[in-house]
Amino acid sequence: MVLLNIVLRNAKKIDVKYKFLDSIQIQVRGGKGGAGCPKYGGIGGNGGNVTLKVNDGAKLSDVLRQYPRKVVAAEDGRDSKKHCIAGNRGKDKIVLIPPGITVYEGNRHLGDLDKVGGSMLVAKGGLGGRLETGFSSTRGESFDLTLDLKLIADVGLVGFPNAGKSTLLAALSRAKPKIASYPFTTVRPNIGVMELEDGRQISVADLPGLVEGAHRNYGMGHRFLRHVQRTLLLLLVVDIDGFQLSPLHTARSCLQNILLLNKELELYNPDLVYKPCVLLVNKMDKEDSQRTYKEIEDRIHNLAGYNSTVCEEMQSNVVLNFSAVLPISAKHATAEDMDSIKNTIREVIDEHYDAPRLEDEINLQNRCRSQISEQCQIVV
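Quick caveat, the model's predicted, so the values are computed rather than measured.

## Looking at the overall build of the protein chain
Logical step 1: Scanning the protein chain for helices and strands turns up nine helices and 15 strands.
Logical step 2: Here the protein chain, with 380 residues, has 49% of them falling under the buried criterion.
Logical step 3: Total accessible area computed for the protein chain in this model is approximately 19400 Å², and 49% of it derives from carbon and sulfur atoms.

## Description of the environment of Ile345
Logical step 1: Counting through the fold element by element, Ile345 comes out in helix 8 (residues 335-352).
Logical step 2: A C-alpha to C-alpha distance of 9.7 Å links Ile345 and Asp154, two positions 191 residues apart in sequence.
Logical step 3: Apart from residues no more than four positions distant in its own chain, Ile345 is found in contact with Val155, Met194, Ile202, Leu233 and Leu235.

## Here's the deal with the pairing of strand 2 (residues 50-54)
Logical step 1: With four of five residues buried, strand 2 lies mostly within the body of the structure.
Logical step 2: Two elements, strand 2 and strand 4 (residues 93-97), share five bridges in a ladder whose sense is parallel. In the strand pairing of strand 4, Val54 is matched with Ile97.

## Quick look at the pattern of salt bridges
Logical step 1: For the structure shown, the criterion picks out 14 salt bridges.
Logical step 2: Among the salt bridges present, the one from Asp350 reaches Arg200, with a minimum N-O distance of 2.9 Å. Within this pair, whereas Asp350 is found in helix 8, its partner Arg200 is found in the loop between strand 10 (190-195) and strand 11 (201-206), the two being separated by 150 residues in sequence.
Logical step 3: A salt bridge links Arg291 to Glu295, with the shortest nitrogen-to-oxygen separation between them at 3.0 Å. Highlighted residues: Arg291 and Glu295, both in helix 6 (residues 289-301), separated by four residues, approximately one helical turn.
Logical step 4: What emerges from the salt-bridge pattern is a single network uniting Asp198, Arg200, Arg346 and Asp350.

## A closer look at the nonpolar core
Logical step 1: Counting residues in hydrophobic clusters, the biggest one holds 33 residues, and the most contacted among them are Leu236, Ile258, Leu265, Leu279, Val281, Ile300 and Phe322.
Logical step 2: Those elements giving two or more residues to this core turn out to be helix 4 (221-228), strand 12 (233-239), helix 5 (254-268), strand 13 (277-282), helix 6, helix 7 (303-307) and strand 14 (322-327).
Logical step 3: Sorting elements by how many residues they give to this core places helix 5 first, with seven residues.
Logical step 4: If sequence neighbours within four positions are ignored, Leu236 has contacts with Val158, Leu261, Cys277, Val278, Leu279, Leu280, Leu320 and Phe322.

## Observations concerning unusual backbone geometry
Logical step 1: Non-glycine residue Lys70 carries a positive phi angle of around 60°.
Logical step 2: Here Lys70 is to be found in the loop between helix 2 (60-66) and strand 3 (71-73).
Logical step 3: We classify Lys70 as partly exposed; its relative accessible area is 41%.
Logical step 4: At Asp288, a position not held by glycine, the phi torsion is positive, near 65°.

## Brief notes about the sheet that holds strand 2
Logical step 1: Ordered by their spatial adjacency, three strands build an open sheet running 4-2-7, and the pairing between neighbours is mixed. The open sheet is flanked by strand 4 and strand 7 (119-123), the only strands paired with a single partner. Averaged over neighbouring strand pairs, the angle between their axes works out to 25° when direction is ignored.
Logical step 2: Strand direction decides the pairing type here: strand 2 and strand 7, joined by four bridges, are antiparallel. Opposite Lys53, over in strand 7, you have Ser119 as the bridge partner.

## Considerations on the packing of aromatic side chains
Logical step 1: The full count for this structure, using the stated rule, is one aromatic pair.
Logical step 2: Pairing Phe160 with Phe243 gives two aromatic rings, centres 5.9 Å apart and planes at 5°, and the pair type is stacked. Within this pair, whereas Phe160 is found in the loop between strand 9 (155-158) and helix 3 (165-172), its partner Phe243 is found in the loop between strand 12 and helix 5, the two being separated by 83 residues in sequence.
Logical step 3: Classification of Phe243 by relative accessible area gives buried; the value is 17%.

## Quick notes on the sheet that holds strand 3
Logical step 1: If you walk across this open sheet you meet the five strands as 3-1-8-5-6, and the pairing is mixed. Pairing within the sheet leaves two strands with one partner each, and these edge strands are strand 3 and strand 6 (108-113). If you compare each strand with its neighbour and ignore which way they point, the axes differ by 30° on average.
Logical step 2: Sheet topology places strand 5 (residues 101-105) next to strand 8 (residues 142-149); four bridges connect them, and they run antiparallel. Across the sheet, the residue bridging to Ile101 is Leu149, located in strand 8.

Analysis parameters
Residues numbered from 1 in each chain as written. Predicted model: local features only at pLDDT ≥ 70, side-chain atom pairs only at ≥ 80, totals over all residues. Heavy atoms only, no water. Helix = DSSP H or I, 4+ residues; strand = E, 2+ residues; numbered from the N terminus. Buried < 20%, exposed > 50% of the residue type's maximum accessible area, 1.4 Å probe, protein only. Areas by Shrake-Rupley, 256 points an atom, 1.4 Å probe, with all protein chains shown as cover. Contact = heavy atoms within 4.5 Å. Pairing = 2+ DSSP bridges. Salt bridge = Lys/Arg side-chain N within 4 Å of Asp/Glu carboxyl O. Core = buried A, V, L, I, M, F, W, Y, C linked by side-chain atoms within 4.5 Å. Axes fitted to C-alpha atoms, helices over the stretch in contact; angles between N-to-C directions. Phe/Tyr/Trp six-rings, centres within 6.5 Å; stacked < 30°, edge-to-face > 60°.

What follows is the structure, given as structure tokens:
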């Protein structure tokens, strides 16, 4: 029994070390104001504030290590005294967080912290006692906050499990994600940085596979979809033969999967369907794949028309507008095939966004390394 407890305890430590941490809950408390001194008209010091500040090297795991009880409290203001008429103000508490944090109080969205150096005051300190308050102090604000990390990557790979996203990421970059022929191979994000011939670097996130109902938090649900929001480009990856999660689930064709991915994105956040998007029809090395693709090619390019013919549960109000459709075999792709995909991605990004300057590229590379090094797997 003792040996079993030791094994379980060590296993738990290992799990925590490598667990992908993209959301934490903390309580923030502003400091209490110091008491005033009515005899001398003294003013108590104000309580300190709690502020969140974006730091390039910060991690959510660091926040939990620094505040294991998940309570962040600023210092109380000092009381007014005979020999110190004005009490000192309580010290502020500054919590360092990584870029890409969205702050919630319950269901209320307080704001986004994306840029290094950005900050947000989340709990004000109480007022020190003074004449206007009858020399009584007030308590500082106290809130229960949720800090959600949304990865900032240029490209987000979107697809159902086993569509070949991890294989594609490995081919596009030097990332080495876990690859296997069963659903949910990817259970935490993997980041790769693909490098073009001129040195331009574009970060690509392989995110956990969606399932039908992801917008209702089925499967990886919201943990996946939140990371899609900050990407510049959606890269949809679908299996030419379609997908079936298990014998208990409905088998969907390639076209149906495209529409279902479209709908899951739209139901989670309608703005996602307006993002620049490229479609990769994968596993074209399969038997009869060329024939299957020729049969559906026209409908892929006229997705709105096909959308109107399917059952209501698969229809979207707005269909994705693919900037490019590329039939590929990620598993057997040549260097020329990968270069073609990389150049297409680059062209679509530059078409919709201003091409970055060289110094911005260097800053992006450094930011990706520091932000994602512990949050998920990354290889450049």
